[in-house]
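# Secondary and tertiary structure notes
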Amino acid sequence: MTLFNPLALAQPALEAVVVTATRSDTPVERALADVSVIDAEQIRDAGAATLPELLRSAGGIEMYQNGGPGTVSGLYVRGARNSQTLILVDGIRLENPMSGGGLLEFLPLSAIDRIEVLRAPASSLYGSAAVGGVVQIFTRKPAGDGILPFASVGFGSRGTRQLQAGMSGRSGDTGFALSLSQDRTDGFDATLPGSPDRQVDRDGNRVGALTASLEHRLNADWRVGANLLVSDGRVEYDDAFSTPDTAKMDYRSAALSAFVSGRLMSQWESTLRVGNSSIDYEFAAFTFAPRTDSRTVSWENVVDAAGARWQFGVESLHQKIAGEGLTVGSYIYTRDSRDTDSVFGGWEREFGAHLLRLTLRHDRIEAVGSETSGSIGWGWRLTPNWLLRAGWGSAFRAPTFDDLYNPWSPNPTLRPERSRGIETAAEWRRGGDLFKATAFSNRIRDAIELDNFFVAQNLEVARVRGVTFEGRRRLGEFTLRGSVTFQDPQAERADPVTGITTVSDLARRARRHATLGASWQRGPWRLGADAIAQGERADTNGARMTGYAFVDLWGSYRIDRHWQLFGRLGNVADREYETAAGYRAAPRALFVGVRYDGR
């Protein structure tokens, strides 16, 4: 079934297709959601940047990082904190069951080929943690016939070096892709004078990654495949509980998935997917070495019938923790595993130039309870270029193993965090040009925070209201793009003793933040500049962090069809700023290299 059929011929033909907004292939202008795509070219242009830094450039996202690559980091999508944004890798949940979140600092950009960012409550599609939105990472997929090699090597400031090599291709009905990468940096002195975590040293990082993909078409209707991502590294960091010699952490992150997909009938597409993700890390300074696993099995179906599109499926998630300090040692967690069983469905139908979509999901979480989430989306194609849309969605986040089962101060009576979000938007698209204005409001109740005795409690109500303007325009050889968000991120917290409610700004969220980019292309040359700005905000300890703005420059020169030179100068003015109080962000850095692509 083709969406918006009466005007389909008038729609742009080259718009990207996204998966994350609906769990199935959907043209981005018909997704009825605030979704962005970061493609392979944008990832390559980012040079030696970290994944959280790149995601910040997508707009509507703020980030923090305790230093350079590999150090603790997180995202705020529409004001929702890191553990309230779900991370997927090739359709599989990547999540630390102990604290929540996907620990994006463990994933190098060299392992990633494409990213989709959904900014909206999405538990009706994905279950727990999709409160602020979903970030889905895609690894490289088979491309082209025959065997096509690719490679790149780059060097930069402070001992930064990056090497990647691999190949992809197809032979008959079978396609494959394989990539190996190694990233290293000597880092920089991350902590500022006066910080309680102050250590006068450079904090380096090294990480190796392997990605692989295999697909085989069984016949005209059915195909099978598998995807793998593994990253393994060591990072140096600063904190008050270690010395420069012991402040080191080994880490490993992996996601493996396999699928079979095809048509049971001409109008019935079905996909069975199994996967396992793991996040492991070990500290040199003390005995704490978590090993976590999240195993997923899902069966998804899309049926076109009775003039509508129907979606239904089931999903099972098994999460387990183990290791020193969790299940081994003098102090152990009171529970080491948890199962979640889910059923979900959706319905969408056209009514002339209108499209209506409904989704519903029920999750039964062992030892926590059951949660039901829903969403409604509506779109009205006013003209071939203009779309008005509105949406409502509910979402939740289940308490983590740290919240419920830690050996020092557990709270097994915690309730899940629950949210309600609404948005309205006006979008104009013509070819590659875009203007979008989105007003949003999200209320999160029973937010889980630590009390004065370091026990997790349902203490807070978070409210984030705002508007985001986004644009992209092609002017001859130039392309301009930008995003600006104005928001009011507030927390209402009730004192458990006095009952007095206080209102304050949510930590590390600014009332305004923006991105701006410009690029120029002529013949073999591509040049560009990106600017990031964020307003004043408070940290978790109450310290005020001033607003900042900085500019990155990048460029490339294509020698011939296969070879390309590239470079990036980050933080051109060497602006000193903080995204986490007491930690300086990356100073000015130059990164240059050469790339070969056999396609």
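What you are looking at is a predicted structure, and each value in this text was computed from that prediction instead of being measured. (Residues numbered from 1 in each chain as written. Predicted model: local features only at pLDDT ≥ 70, side-chain atom pairs only at ≥ 80, totals over all residues. Heavy atoms only, no water.)

### Observations regarding the nonpolar core
- If you look at the biggest cluster of nonpolar residues, it comprises 48 residues, and the most contacted ones within it are Leu51, Leu55, Leu104, Ile115, Ile137, Met249 and Tyr281.
- Sequence-distant contacts of isoleucine 115, that is, excluding residues within four places in its chain, are made with Ser36, Val37, Ile38, Ile43, Leu51, Leu54, Leu55, Val135 and Gln136.
- Within the second largest apolar cluster, 16 residues are counted, among which are Val18, Ala21, Ala31 and Tyr126. (Core = buried A, V, L, I, M, F, W, Y, C linked by side-chain atoms within 4.5 Å. Buried < 20%, exposed > 50% of the residue type's maximum accessible area, 1.4 Å probe, protein only. Contact = heavy atoms within 4.5 Å.)

### A word on the confidence of the model for the protein
- Per-residue pLDDT for the protein averages 93, and the proportion of residues at 70 or more is 97%.
- Note on residues 1-14: pLDDT under 50 across the span, and 35 contacts to partners over four residues away in sequence or across chains. (pLDDT = per-residue confidence, 0-100.)

### Points about the side chain of threonine 271
- Examined against the element boundaries, threonine 271 turns out to sit in strand S16 (residues 268-283).
- Residue threonine 271 is classed as buried on the basis of its relative accessible area, which comes to 14%.
- Among the polar contacts made by the side chain of threonine 271, one reaches the side chain of serine 261 at a distance of 3.0 Å.
- Excluding residues that lie within four positions of it along the chain, threonine 271 makes contacts with Phe259, Val260, Ser261, Ser298, Trp299 and Glu300. (Helix = DSSP H or I, 4+ residues; strand = E, 2+ residues; numbered from the N terminus. Polar contact = N/O pair within 3.5 Å; in protein donor to acceptor, adjacent residues only side chain to side chain.)

### Observations regarding the packing of aromatic side chains
- Inspection of the entire model under this criterion finds 19 aromatic pairs.
- Residues phenylalanine 283 and phenylalanine 288 carry aromatic rings whose centres are separated by 6.4 Å and whose planes lie at 25° to one another, so their mutual orientation is stacked. The residues phenylalanine 283 and phenylalanine 288 share a single accessibility class, namely buried.
- Arranged with centres 6.4 Å apart and planes meeting at 35°, the rings of tyrosine 331 and tryptophan 408 form a pair that is tilted. Residue tyrosine 331 is found in the loop between strand S18 (308-322) and strand S19 (337-351), and its partner tryptophan 408 is found in the loop between helix H4 (401-405) and strand S23 (417-430); the two are separated by 77 residues along the sequence. The exposure classification of tyrosine 331 matches that of tryptophan 408, with both residues exposed.
- Ring pairing ties together the aromatic residues Phe106, Tyr237, Tyr251, Tyr281, Phe283, Phe286 and Phe288, which thus form one cluster.
- In this structure, arginine 508 is placed above the aromatic ring of tyrosine 64, and the distance from its NZ or CZ to the ring centre is 4.4 Å.
- Across the ring face of phenylalanine 566, the terminal group of arginine 595 is positioned such that the distance to the ring centre comes to 4.2 Å. (Phe/Tyr/Trp six-rings, centres within 6.5 Å; stacked < 30°, edge-to-face > 60°. Lys NZ or Arg CZ within 6 Å of the ring centre and 35° of its normal.)

### Re the pattern of salt bridges
- Going through the model one piece at a time under the given rule, you end up with 51 salt bridges.
- Residue lysine 436 is joined to glutamate 470 by a salt bridge in which the shortest nitrogen-to-oxygen separation is 3.5 Å. Here the residue lysine 436 occupies a position in strand S24 (residues 433-450), and glutamate 470 occupies one in strand S25 (residues 456-475), the gap between them amounting to 34 residues.
- A relative accessible area of 2% places lysine 436 in the buried class.
- The class for glutamate 470 is buried, based on a relative accessible area of 15%.
- Glutamate 576 is the partner of arginine 584 in a salt bridge, and the nearest nitrogen-oxygen pair spans 3.7 Å.
- For glutamate 576, a relative accessible area of 53% puts it in the exposed group. (Salt bridge = Lys/Arg side-chain N within 4 Å of Asp/Glu carboxyl O.)

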